[in-house]
Amino acid sequence: MYQSLGYPDDRLPSQTLYHMGTAMIGTRNYAIIGCGMMGREHMQNLALVEGANLIAIADPDAGSRKEAHDLASRLGQDVRLFEDTATMLSEAKPDAVIIASPNYTHFDAVKPVMETGAAILLEKPMCTTVPDAESLAVAASNYPNLFWVGLEYRYMPPVTRFIERIHAGEAGDIKMLAIREHRFPFLEKVGDWNRFNRNTGGTLVEKCCHFFDLMRHIMRDEPVRVFASGAQDVNHLDETYDGETPDIIDNAFVMMDFAGGGRAVLDLCMFAEGSAQQEEISAVGPIGKLEVKLPVGEVTWSPRDKSGPFVTHVETPPDALAAGDHHGATYFQLRDFHDALLNGTDPLIDARDGYRSVVIGAAAQQSIASGCPVDISFTAKD
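One numbering rule holds for all chains: residues counted from 1, following each sequence as written. In view of the model being predicted, local features appear only for residues whose pLDDT reaches at least 70, and side-chain atom pairs are presented and counted only at 80 or more, with totals across whole chains, interfaces and linings using the full set of residues. Only hydrogens and water are set aside when side-chain values are computed; all heavy atoms of the structure are taken into account.

Attention now moves to the confidence of the model for the chain. Confidence of the predictor in every single residue is expressed as pLDDT, which spans 0 to 100. In the predicted model, the chain carries a mean pLDDT of 92, and the fraction of residues at 70 or more is 93%. Counting contacts from residues 1–24, a segment whose pLDDT is below 50, to residues more than four positions away or on other chains yields 65 contacts. Only heavy atoms enter the contact rule, under which two residues are in contact if any of them lie within 4.5 Å.

Joining through side-chain atoms within 4.5 Å is the link that ties buried Ala, Val, Leu, Ile, Met, Phe, Trp, Tyr and Cys residues into a set, and such a set is a nonpolar core. When a residue's accessible area, from a 1.4 Å probe over protein chains only, is under 20% of the maximum for its type it is buried; when over 50% it is exposed; and in between it is partly exposed. In this structure, Met-126, Phe-147, Phe-162 and Phe-212 are the most contacted members of the largest nonpolar core, which totals 111 residues. Setting aside anything within four residues of it in sequence, one finds Met-126 in contact with His-106, Ala-133, Leu-136, Ala-137, Val-149, Ala-351, Gly-354, Tyr-355 and Val-358.

Attention now goes to the pattern of salt bridges. Each reported salt bridge corresponds to a side-chain nitrogen of Lys or Arg within 4 Å of a carboxyl oxygen of Asp or Glu. All told, the structure shown has 25 salt bridges when counted by the stated rule. A salt bridge links Asp-267 to Arg-180, with the shortest nitrogen-to-oxygen separation between them at 3.0 Å. Of the two residues, Asp-267 sits in strand β10 (residues 263–269) while Arg-180 sits in strand β7 (residues 176–182), which places them 87 residues apart along the sequence. Given a relative accessible area of 14%, Asp-267 falls into the buried group. Think of it this way: any DSSP run of H or I at least four residues long counts as a helix, any run of E at least two long counts as a strand, and we number them from the N terminus.

Here we take up the packing of aromatic side chains. Paired rings are identified among Phe, Tyr and Trp, the last through its six-membered ring, by centres lying within 6.5 Å, and are further divided according to the angle between planes into stacked (under 30 degrees), edge-to-face (over 60) and tilted (the rest). Enumeration according to the criterion identifies 8 aromatic pairs in this entry. The interplanar angle of 85° and the centroid separation of 6.2 Å between the aromatic rings of Tyr-143 and Phe-147 together place this pair among those described as edge-to-face. The pair Tyr-143 / Phe-147 is uniform in exposure class, with both members buried. On the basis of an interplanar angle of 85° and a centroid distance of 6.0 Å, the ring pair of Phe-196 and Tyr-241 is categorised as edge-to-face. One end of the pair, Phe-196, is in the loop between β7 and α7 (197–200); the other, Tyr-241, is in the loop between β8 (223–231) and β9 (251–258), and 45 residues separate them in sequence. Taken individually, Phe-196 and Tyr-241 each receive the classification buried, so the pair is uniform in this respect. Above the ring of Phe-186, the side-chain terminus of Arg-183 is found at 5.9 Å from the ring centroid. Charge-over-ring contacts are defined here by two conditions on Lys NZ or Arg CZ: a distance within 6 Å of the ring centre and an angle within 35 degrees of the ring normal.

The next subject is the side chain of Arg-216. Looking at the secondary structure, you find Arg-216 in helix α9 (residues 209–219). Taking relative accessible area as the criterion, Arg-216 reaches 7% and is therefore assigned buried. Once residues within four sequence positions are removed from consideration, Arg-216 is found in contact with Asp-221, Glu-222, Pro-223, Phe-258, Arg-352, Asp-353, Arg-356 and Ile-360.

Attention now moves to the packing of helix α5 (residues 130–141) against helix α12 (residues 351–370). Each pair of packed helices can be described by the angle between their axes along with the distance between the axes. The convention used is that axes are lines fitted to C-alpha atoms, helices contributing only their stretch in contact, and that angles between N-to-C directions extend from 0 to 180 degrees. Interaxial distance between α5 and α12 falls to 9 Å at its minimum, and their mutual angle equals 170°. Here α12 runs roughly antiparallel to α5, going by the angle between their axes. The handedness of the crossing between α5 and α12 comes out as left-handed. Of the residues in α12, those in contact with Val-130, Ala-133, Glu-134, Ala-137 and Ala-140 of α5 are Ala-351, Tyr-355, Val-358, Val-359 and Ala-362. Residue classes in the contact of α5 with α12 are distributed as 9 nonpolar, no polar and 1 charged. For classification, angles of less than 35 degrees are called roughly parallel, those exceeding 145 degrees roughly antiparallel, those between 65 and 115 degrees roughly perpendicular, and all remaining angles oblique. Two helices cross in a left-handed way if the nearer one is turned anticlockwise from the farther one by less than a right angle. They cross in a right-handed way if the turn is clockwise. Side-chain classes follow a simple rule in which Ala, Val, Leu, Ile, Met, Phe, Trp, Tyr, Cys and Pro form the nonpolar group, Asp, Glu, Lys and Arg form the charged group, and the remainder, Gly included, forms the polar group.

Along a regular strand, successive side chains alternate from one face of the sheet to the other. If DSSP finds at least two bridges between two strands, the strands pair. Across 6 bridges, the pairing between strand β12 (residues 288–294) and strand β13 (residues 298–303) is antiparallel. Of the residues in β13, the one forming a bridge with Leu-290 is Trp-301. Count of turn residues in the β12/β13 antiparallel hairpin: 3 residues, of which Gly-297 carries a positive phi of about 75°. The pairing of β13 with strand β14 (residues 310–313) spans 4 bridges and is antiparallel. In the sheet register, Glu-298 faces β14, and the bridge partner there is His-313. Where β13 hands over to β14, the hairpin turn is made up of 6 residues, of which Lys-306 adopts a positive phi near 65°.

Shown next as structure tokens:
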């Protein structure tokens with residue numbers, strides 16, 4: 001019954017996510033670095049992946065550790081909590097480590113994990129600066145174990161089905177791609193680290209790396225030029241932290257030219273929480289137009305012959321929806337990560353993807369600051 005629902009790679013869940021079949025036989029021990037909001041989302045989703053055994057969490061913040069402890073108790077996870085990463089790695093010796101600490105810590109947090117040789121899922125953005133992302137991409141290219149970057153928006157089931165149909169050629173060679181996210185402001189984080197560009201890389205790196213990765217993935221091409229316009233017009237202007245006012249932008253238009261002649265645009269607004277749909281993506285080719293909308297989960301096909309539109313609803317399992325704030329994407333990404341870990345296969349989203357999403361975001365931030373188009377170049381080895 002699930003063949004029409006659009007789960008990644010057609011490896012579909014049964015009626016309950018807790019029984020995934022032979023593809024998931026085998027147990028591996030996991031640890032998480034950082035148990036803030038995203039770390040706890042990973043906890044909830046690991047509980048849905050058969051054979052993914054969470055054994056340890058490290059976080060220097062006592063409040064976050066307390067929340068993780070309480071969540072682990074509710075989930076039935078037997079987890080040791082550590083204040084520092086080094087002790088956790090030496091004592092727990094996990095097979096795989098998920099790094100979900102604040103953005104600005106990623107570059108340093110991943111180093112001791114790489115020294116252990118454990119499999120790694122590094123949350124987005126891979127790093128907050130291009131030099132750090134380039135350095136890490138080079139190091140990861142020689143890493144003997146799984147190195148995966150958490151750009152999970154590809155894994156939202158409606159988006160996955162939308163991309164499958166594009167890649168099947170339903171609309172033809174895509175000439176125009178548009179992504180709109182109209183959403184709520186940045187949430188409160190421990191220490192309010194996400195209020196400043198120096199900690200996040202800037203809004204277009206921090207959160208929009210997801211969309212730039214989607215653009216590359218959908219177009220199956222690389223951008224060569226970006227022009228962006230954006231500002232901090234509404235959010236966080238009345239906040240101060242140690243005498244500083246936040247400097248993260250809350251709205252932008254970002255337009256990109258791709259090497260093959262296609263174009264893509266991002267429309268971001270972070271003071272539009274009243275919107276009926278948070279994300280809308282449209283792709284137009286010479287045959288017609290495909291669209292996907294979230295959270296409604298609809299994919300719409302509008303052929304040029306005007307015989308449409310044809311609307312398909314793509315279900316996301318309720319357990320996956322309830323386990324986080326990313327429309328089931330975290331579960332499906334962890335499922336594929338665990339599968340790759342068991343089978344020794346390559347990551348589906350690798351350090352090259354992570355690096356390039358940071359480069360694009362940083363170029364867009366530069367374009368806003370300069371008011372000029374910025375050429376995009378990737379210097380890290382593939």
